[in-house]
Amino acid sequence: MEALEQMITQLAADRLWRLRIEEKETRHLIEAAISLRDWEMHFTLHPSCEEALLRCGLFAHEIPILAKGLVGHEMGHWQVCPFDRDGEYLLMEVITGVVVRKLKGLSAKETDRVCRFLSKLVSDLIVDTVLAWETNGPDYADAQALFMLKEMNLDPSGEGLFRFFTQLNLWLWGAQSRVSSRLLPHLEQETDSALFKKAMKVFPKKALKGHLVSWLRSRANWIDLARKLAAIFIDLLPPPDEMTVWWRPNPFWEVLTVLYEGRTRPIRVAVETEGQVHPETIPLVPLLSVPTDPSVPLAVDDIVWHQTLIQPSPKQAPRLQLYQRRFSIETQVGYAKGSSMLPDLAFCIDSSGSMGFDPHAGKGEYDLLLRAVFGALQFLERNQIALYLRFSVVNFSDETLFSGWRDWGGRERLYQTLFEYQGGRTRLDISQLDRMRQESRGPFALILITDGEIDEWPDVLQHIEKQCQPPKGLILIQIGKESALARRVRKRGFVVHVVKDSHALEGLVLGEVRSQYAN
């Protein structure tokens, strides 16, 4: 196993990829996965991996081919599909729509699991077909066939979707592999079945090498491809507990994170900023960049992507050379006189029962609220401001949940708190607001969004009067008719917006954030 580990380490180093190798017992013997957020590759190797692979029908000289092909496959998720967050969202949104329509009554957790599983199948099929035809020589296709062979020998019974998926892969790229014929005894020859013929029709009729590869590489074709394949695969789904262990580990991020990062869109909002604005500078554009050291951890935000080089080699695969920022040009960001340069940002949001929520279908008042919050956060990210702020979220209904203060790299904890929809009463525990203030590092802007009268609102008003400074210390967005709390807060000099239509939330929240952080 030591030789296999060294080989994988060298393969990743040659390609300048971050790598983490873990030795532990796993039913798959060798697993490879990649994070689509920081592009770290993670290998899991069984302690007796090489010996077990030989017992699974692989020959000794094929084990290095398998390892190299697994590295290539994980890189393919970056090179081909989904490639970036937009590609990840494109697949996930359309597949989620299929799941919601065809599988009624699933819990939110089960829906997430099915959506991630189907997204993985579609992206794997795209990656392997493209790379099997594009890669010089048969090694890549051989590696994927060997991985399937290993799985079938580990579990000879197999379930229907695994066999169907394998057959579809072999139909698309099996001609490129020298070892694919060894899979045939394990497969039920169902290529003449109505379902398989239906799957074949999803792809272009003239499936020649050049046409098929260019067709699969075009994102314009992914929506229809994902919709049709998901509708086919969904009828062959294994039991829910098998979806977590079947095939390769899933690289797709949490479903709601993918959906809401993708559902928001840039909005142009005209905003009048109160008070005189003074310029201050923050780093923005890299001035000096240096080659990355593959042995040193590197934040994705430090990579200067447009300077990436592909260095050809006559004896080895092309080498990918990344560069990281060292010094930066500075740009101006406005801030109000008398305040800190960039106040942190907090959201206090109502997830009570009157705020309807169907996240997978993208419906309900709480769905619109999330789009508004994500839109504001993405505005700060696009404008290179988010990296310099800390954020927090309070989610209130039956319980009051507090995310804690997080920097941009820890935003997943913010998202988890945002997604904890409660659907109960409208109650805000003031102690959590006190905690938010006590744990803050300094001034922050607080945006409170609610659609009803908060229980025991005089206590909330007392907290606001004691802890917040008008006009921008608190921004209250009241959905529906004006509440008693909204009237009192406005009289105290704070910014209050009363919106009749929750569809106006997105532009309104973004407008307030722009007024706080933009020029």
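Scroll up a little and you will see the structure.
Residues numbered from 1 in each chain as written. Predicted model: local features only at pLDDT ≥ 70, side-chain atom pairs only at ≥ 80, totals over all residues. Heavy atoms only, no water.

A.B. asks: Can you tell me about unusual backbone geometry, naming the residues and giving the values?
C.D. replies: Backbone torsion omega between Cys81 and Pro82 reads 5°, so that peptide bond is classified as cis. Within the secondary structure, Pro82 sits in the loop between α3 (63-79) and α4 (85-102). Between Pro470 and Pro471 the backbone carries a cis peptide bond, its omega angle lying at 5°. As for its position among the elements, Pro471 is in the loop between α15 (457-467) and β13 (474-479). Positioned with a positive phi, Phe83 is a non-glycine residue whose angle comes to about 75°. In this structure, Phe83 sits in the loop between α3 and α4. Assessed through its relative accessible area of 37%, Phe83 is described here as partly exposed. (Helix = DSSP H or I, 4+ residues; strand = E, 2+ residues; numbered from the N terminus. Buried < 20%, exposed > 50% of the residue type's maximum accessible area, 1.4 Å probe, protein only.)

A.B. asks: Help me get a handle on the nonpolar core, residues and values and all.
C.D. replies: Ile30, Leu118, Phe203 and Leu380 are the most contacted members of the largest nonpolar core, which has 129 residues in total. With 13 residues, the single largest contributor to this core is helix α5 (residues 108-134). For Leu380, the contacting residues outside a window of four places in its chain are Leu345, Ile385, Ala386, Leu389, Phe391, Val513 and Tyr517. Core analysis: the next-biggest nonpolar cluster, separate from the first, contains 27 residues, Phe402, Met436, Leu448 and Ala484 among them. (Core = buried A, V, L, I, M, F, W, Y, C linked by side-chain atoms within 4.5 Å. Contact = heavy atoms within 4.5 Å.)

A.B. asks: Hey, could you go over the side chain of His73 for me, with residue numbers and the actual values?
C.D. replies: Note on placement: His73 falls in helix α3. Only 2.9 Å separates the side chain of His73 from the side chain of Asp124, close enough to count as a polar contact. (Polar contact = N/O pair within 3.5 Å; in protein donor to acceptor, adjacent residues only side chain to side chain.)

A.B. asks: So what about the environment of Val213? Which residues, and what values?
C.D. replies: Mapped onto the elements, Val213 comes out in helix α9 (residues 209-217). Each C-alpha atom, one on Val213 and one on Thr129, is 7.4 Å from the other, the two residues being 84 residues apart in sequence. With residues near it in sequence (within four places) discarded, Val213 still touches Val130, Trp133 and Glu134.

A.B. asks: Can you explain the packing of aromatic side chains? Please cite residues and give values.
C.D. replies: Applying the stated criterion to the full structure yields 15 aromatic pairs. Between Phe391 and Trp408, the aromatic rings sit 5.6 Å apart at their centres with planes inclined by 55°, giving tilted as the arrangement. With Phe391 in strand β9 (residues 390-396) and Trp408 in the loop between β11 (406-407) and α13 (411-418), this residue pair connects regions lying 17 residues apart in the sequence. Taken as a pair, Phe391 and Trp408 share a single burial class, namely buried. Members of the aromatic cluster, connected to one another through ring pairs, are Phe164, Phe165, Phe196 and Phe233. Sitting over the ring of Phe147, Lys150 keeps its end group 4.0 Å from the ring centre. Geometry around Tyr260 places Arg263 over its ring, the cationic atom sitting 4.9 Å from the centre. (Phe/Tyr/Trp six-rings, centres within 6.5 Å; stacked < 30°, edge-to-face > 60°. Lys NZ or Arg CZ within 6 Å of the ring centre and 35° of its normal.)

A.B. asks: Outline helix α10 (residues 222-233), listing residues and values.
C.D. replies: In a regular helix each residue adds 1.5 Å, so 12 residues correspond to 16 Å; α10 covers 16 Å between its end C-alpha atoms and thus fits that length. All of the buried residues along α10 are Trp222, Leu225, Ala226, Leu229, Ala230, Ile232 and Phe233. Projected down its long axis, α10 shows its buried positions confined to an angular sector of 160°, all on one face. (Expected span 1.5 Å × (residues − 1). Arc of directions from axis to C-beta.)

A.B. asks: Let's hear about helix α17 (residues 505-517): which residues, and what values?
C.D. replies: An ideal rise of 1.5 Å per residue puts 18 Å on 13 residues; α17 measures up with 18 Å between its terminal C-alpha atoms. Within α17, 11 of the 13 residues are buried, which leaves the element mostly enclosed by the surrounding structure. Of all the positions in α17, only Leu505, Glu506, Leu508, Val509, Leu510, Gly511, Glu512, Val513, Ser515, Gln516 and Tyr517 are classed as buried.

A.B. asks: How would you explain a positive patch on the surface if you had to name every residue and give the values?
C.D. replies: Taken together, the side chains of Arg101, Lys102, Lys104, Lys198 and Lys363 make up a positively charged region of the molecular surface. Lys104 sits in the exposed class, given a relative accessible area of 66%. (Patch = residues over 30% accessible without salt bridge, like charges linked within 9 Å, V, L, I, M, F, W, Y side chains within 5 Å. Areas by Shrake-Rupley, 256 points an atom, 1.4 Å probe, with all protein chains shown as cover. Salt bridge = Lys/Arg side-chain N within 4 Å of Asp/Glu carboxyl O. Lys, Arg positive; Asp, Glu negative; His and termini not counted. Charge placed at Lys NZ, Arg CZ, Asp CG, Glu CD.)

A.B. asks: Quick one: what's the story with the sheet that holds strand β2 (residues 30-34), residue by residue and with numbers?
C.D. replies: Across the sheet, which stays open at both edges, the 3 strands sit in the order β1-β3-β2 with mixed pairing between neighbours. Strands with a single pairing partner mark the edges of an open sheet, and in this sheet they are β1 (18-23) and β2. Each strand axis lies, on average, 15° off the axis of its neighbour in the sheet, ignoring direction. The pairing of β2 with strand β3 (residues 40-45) spans 5 bridges and is antiparallel. (Pairing = 2+ DSSP bridges. Axes fitted to C-alpha atoms, helices over the stretch in contact; angles between N-to-C directions.)

A.B. asks: Give a detailed account of the pattern of salt bridges, specifying residues and quantitative values.
C.D. replies: Under the criterion given, the structure shown has 19 salt bridges. Glu381 serves as the salt-bridge partner of Arg85, at 3.2 Å between the closest nitrogen and oxygen. Residue Arg85 is found in helix α4, and its partner Glu381 is found in helix α12 (residues 365-382); the two are separated by 296 residues along the sequence. Among the ionic pairs, Asp224 bridges to Arg227, the shortest N-O distance being 3.8 Å. Residue Asp224 and its partner Arg227 are located together in helix α10, separated by 3 residues, close to a single helical turn. Look at Arg227 and you get partly exposed, because its relative accessible area is 34%. It is possible to trace a salt-bridge network through shared partners that takes in Glu93, Arg263, Asp367 and Arg371.

The analysis is restricted to geometry; functional conclusions fall outside its scope.
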